Amino acid sequence: MKKVPYRDQISKFFGFSFIVFLLFSSSLFSQDEAAEQVAEAVEETLEVEASSSDGDVEKGKQLFNQNCAACHALNRKMTGPALANVETRLSEEEGLDREWLYSWIKNSAGMVSSGDSYALKIYAEYNQAAMTAFPTLSNADIDNILAYTAAPPPAPVAAATATATSTGASDSSGLSNEIILGALALIFALLVMMLILVNNTLRRIAQANGIVLEKEKSEKGLPLWKAFAQNQFLVLVTVIFLLLSGAYFAYGWMMQIGVDQGYAPIQPIHYSHKIHAGDNKIECKYCHSSARVSKHSGIPSLNVCMNCHKSIYEYKGNPEGPSAEDLANGYTNDFYTGEIKKLYKAVGWDEENQKYTGDSQPVEWVRIHNLPDLAYFNHSQHVSVAGIECQTCHGPVEEMEIMYQYAPLTMGWCINCHRETNVKVEDNAYYAKIHEELSKKYGVENLTAADLGGLECGKCHY
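Criteria and cut-off values
- Residues numbered from 1 in each chain as written.
- Predicted model: local features only at pLDDT ≥ 70, side-chain atom pairs only at ≥ 80, totals over all residues.
- Heavy atoms only, no water.
- Buried < 20%, exposed > 50% of the residue type's maximum accessible area, 1.4 Å probe, protein only.
- Helix = DSSP H or I, 4+ residues; strand = E, 2+ residues; numbered from the N terminus.
- Contact = heavy atoms within 4.5 Å.
- Polar contact = N/O pair within 3.5 Å; in protein donor to acceptor, adjacent residues only side chain to side chain.
- Patch = residues over 30% accessible without salt bridge, like charges linked within 9 Å, V, L, I, M, F, W, Y side chains within 5 Å.
- Areas by Shrake-Rupley, 256 points an atom, 1.4 Å probe, with all protein chains shown as cover.
- Salt bridge = Lys/Arg side-chain N within 4 Å of Asp/Glu carboxyl O.
- Axes fitted to C-alpha atoms, helices over the stretch in contact; angles between N-to-C directions.
- Parallel < 35°, antiparallel > 145°, perpendicular 65-115°, else oblique.
- Nonpolar A, V, L, I, M, F, W, Y, C, P; charged D, E, K, R; others polar.
- Phe/Tyr/Trp six-rings, centres within 6.5 Å; stacked < 30°, edge-to-face > 60°.
- Core = buried A, V, L, I, M, F, W, Y, C linked by side-chain atoms within 4.5 Å.

1. Some thoughts on helix α4 (residues 98–106)
Okay, so step 1: Among all positions in α4, only Arg-98, Trp-100, Leu-101, Tyr-102, Trp-104 and Ile-105 are buried.
Okay, so step 2: On its buried side, α4 packs onto α3 (86–93), α5 (108–113), α6 (117–125) and α7 (139–150).
Okay, so step 3: Where α4 starts, the residue carrying a side-chain oxygen 3.3 Å from the main-chain nitrogen of Glu-99 turns out to be Asp-97.

2. Some remarks on the environment of Val-259
Okay, so step 1: For Val-259, the position within the fold is in the loop between α10 (232–255) and α11 (273–279).
Okay, so step 2: By relative accessible area, which is 18% here, Val-259 ends up buried.
Okay, so step 3: For the pair Val-259 and Gln-405, spaced 146 residues apart in the sequence, the C-alpha separation amounts to 9.8 Å.

3. Thoughts on a nonpolar patch on the surface
Okay, so step 1: Nonpolar side chains collect at one region of the surface, where Ile-180, Leu-181, Leu-184, Ile-187 and Leu-191 lie side by side and expose about 440 Å² of accessible area between them.
Okay, so step 2: Among the structural elements, Ile-180 can be located in helix α8 (residues 154–208).
Okay, so step 3: On the basis of relative accessibility, which here comes to 38%, the residue Ile-180 falls in the partly exposed class.

4. Observations regarding the packing of helix α2 (residues 57–67) against α7
Okay, so step 1: The N-to-C vectors of α2 and α7 enclose an angle of 100 degrees; their axes lie 7 Å apart at closest approach. It follows that α2 is roughly perpendicular to α7 by the angle criterion. Of the residues in α7, those in contact with Val-57, Lys-59, Gly-60, Lys-61, Leu-63 and Phe-64 of α2 are Asp-141, Asn-144, Ile-145, Ala-147, Tyr-148 and Thr-149.
Okay, so step 2: Taken together, the residues that form the contact of α2 with α7 break down as 6 nonpolar, 3 polar and 3 charged.

5. Considering the pattern of salt bridges
Okay, so step 1: Considering all chains together, one arrives at 8 salt bridges under this definition.
Okay, so step 2: The shortest N-O distance in the salt bridge between Glu-339 and Lys-342 comes to 3.2 Å. Of the two residues, Glu-339 and Lys-342 both sit in helix α15 (residues 333–347), 3 residues apart, roughly one turn of that helix.
Okay, so step 3: Here Lys-342 falls in the partly exposed class, since its relative accessible area comes to 39%.
Okay, so step 4: As a salt-bridge pair, Lys-440 and Glu-436 come within 3.7 Å of each other at their nearest N and O atoms. Of this pair, Lys-440 and Glu-436 are both found in helix α19 (residues 429–442), 4 residues apart, which corresponds to roughly one turn of the helix.
Okay, so step 5: A residue is classified by how much of its surface remains accessible, and Glu-436, at 43% relative accessible area, is partly exposed.

6. Things to note about the side chain of Asp-143
Okay, so step 1: Looking at the element boundaries, Asp-143 is found in helix α7.
Okay, so step 2: Judged by its relative accessible area of 16%, Asp-143 is buried.
Okay, so step 3: In this structure the side chain of Asp-143 is engaged in a polar contact, spanning 2.5 Å, whose partner is the side chain of Tyr-102.

7. Focus on the environment of Thr-337
Okay, so step 1: As for its placement among the helices and strands, Thr-337 is situated in helix α15.
Okay, so step 2: Take Thr-337: its relative accessible area is 15%, and that puts it in the buried class.
Okay, so step 3: Between the C-alpha atom of Thr-337 and that of Ile-312, which follows or precedes it by 25 residues, the distance is 9.3 Å.
Okay, so step 4: What Thr-337 contacts, discounting residues up to four positions off in sequence, is Tyr-313, Glu-314 and Tyr-315.
Okay, so step 5: A distance of 3.0 Å separates the side chain of Thr-337 from the backbone nitrogen of Tyr-315, its partner in a polar contact.
Okay, so step 6: Among the polar contacts made by the side chain of Thr-337, one reaches the main-chain carbonyl oxygen of Asn-333 at a distance of 2.9 Å.

8. Observations concerning the packing of aromatic side chains
Okay, so step 1: Scanning all chains against the criterion turns up 10 aromatic pairs.
Okay, so step 2: Ring geometry for Phe-64 versus Tyr-148: centroids 5.3 Å apart, planes at 55 degrees, classification tilted. With Phe-64 in helix α2 and Tyr-148 in helix α7, the pair connects residues that are 84 residues apart, well separated along the chain. Assigned by exposure class, Phe-64 and Tyr-148 land together as buried.

9. Thoughts on the nonpolar core
Okay, so step 1: With 29 residues, the main nonpolar core has Phe-64, Leu-90, Trp-100 and Trp-104 as its most contacted residues.
Okay, so step 2: Secondary structure elements with two or more residues in this core: α2, α3, α4, α5, α6 and α7.
Okay, so step 3: Those residues within four positions of Trp-104 in sequence are excluded, and the remaining contacts are Met-111, Val-112, Ala-119, Ile-122 and Met-131.
Okay, so step 4: If you look at the next biggest cluster of nonpolar residues, it comprises 13 residues, including Leu-302, Tyr-313, Leu-343 and Ala-346.

10. Considering the packing of α4 against α7
Okay, so step 1: Running from N to C, α4 and α7 point in directions that differ by 105 degrees, and their axes come no closer than 11 Å. It follows from the interaxial angle that α4 and α7 lie roughly perpendicular. Residues Arg-98, Leu-101, Tyr-102, Ile-105 and Lys-106 of α4 pack against Asn-139, Ile-142, Asp-143 and Leu-146 of α7.
Okay, so step 2: Residue composition of the contact of α4 with α7, by class: 5 nonpolar, 1 polar and 3 charged.

So, in structure tokens, the structure goes:
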């Protein structure tokens, strides 16, 4: 019997694969330990930065956001002056101490009335806009706020947090996953190579024993297409099936003419319903207020936007940061801040001087939901009288980054809603009386729009 080669090579190959796997495992564990050490170091650094001898920075940040952020920012003018290092600046430039700040924050109007020179200066500089008094804030609360304003600006802290996230959480998870996938891919490749070597070894064993491998020759038969063409019954059935399928799909395509379900145009200013209605929980009817009393829901004026965006001049995002999907679509904090600048340009808002310039530009919004002129629809009837939620027709608006038409808005869709939706008769004497009479006459348990004549043609077409 002949000697079979490659047996020693296979043993060496197995040993090499085991060593490579051990090396990958050790590097993976060392990466995780290093990531944990970096995360602990960054956390200790942030804790040290958050402490202050004159106040608690974290408590001061919370108090600042609750009481001051509507009119003040740290590094720019808003309704009031910038407050970064305000105590140091007042001490160096005006010779004012913390006691003056206590008096000013608790009763600014009293300081102006008393004739305090710097109080009068600030009052005149900001168009005689009276600062809200905060008599409930204690001196300790104000100390915490001043500690927050004297702390390093948020940008370095955000950078440190981002570094901690990238070196700690992201790298430890992302890099570890890459290492694991790489190790699995390498093991899979090694297994394939082992199978090839085993196959070659078995073939050599067969040849050594005189076993000859022969491929079976398949008999050449009639081609499939010729056999199909010769069968007239199969040809007839296939033709009928193709004709019926073509008619079905042609009918379906023609029935979609004029139906714009899924239509999502690009607007001149990117408005994220996901951020406004979802993250910030802004009610739909705050912007579309005419939906309560009018046929149309209306397009909110830019002044409605400026109610908030006089103070919100940049987008700081969620605490957990943008998602991978947002980053892939380019929805970064800088992107949203740029859209706010477009709003300022359209409405004519001077950020530096905090006033309108009068140089405004119209925003050409692209309409999304558009019923034909032959159909009548009244928002107030559905919103105020029927009490239907906006999401019933417009879908999960609070989850939409780009607004799109959710429902088909066809006649069949409306009729089906009229048949299935029960009218709210509670606390409504008009509908309660109708429901009572219909219950006596027809035994109706629930009152639908169809019961009230909602299927009559003249209700929507006249």
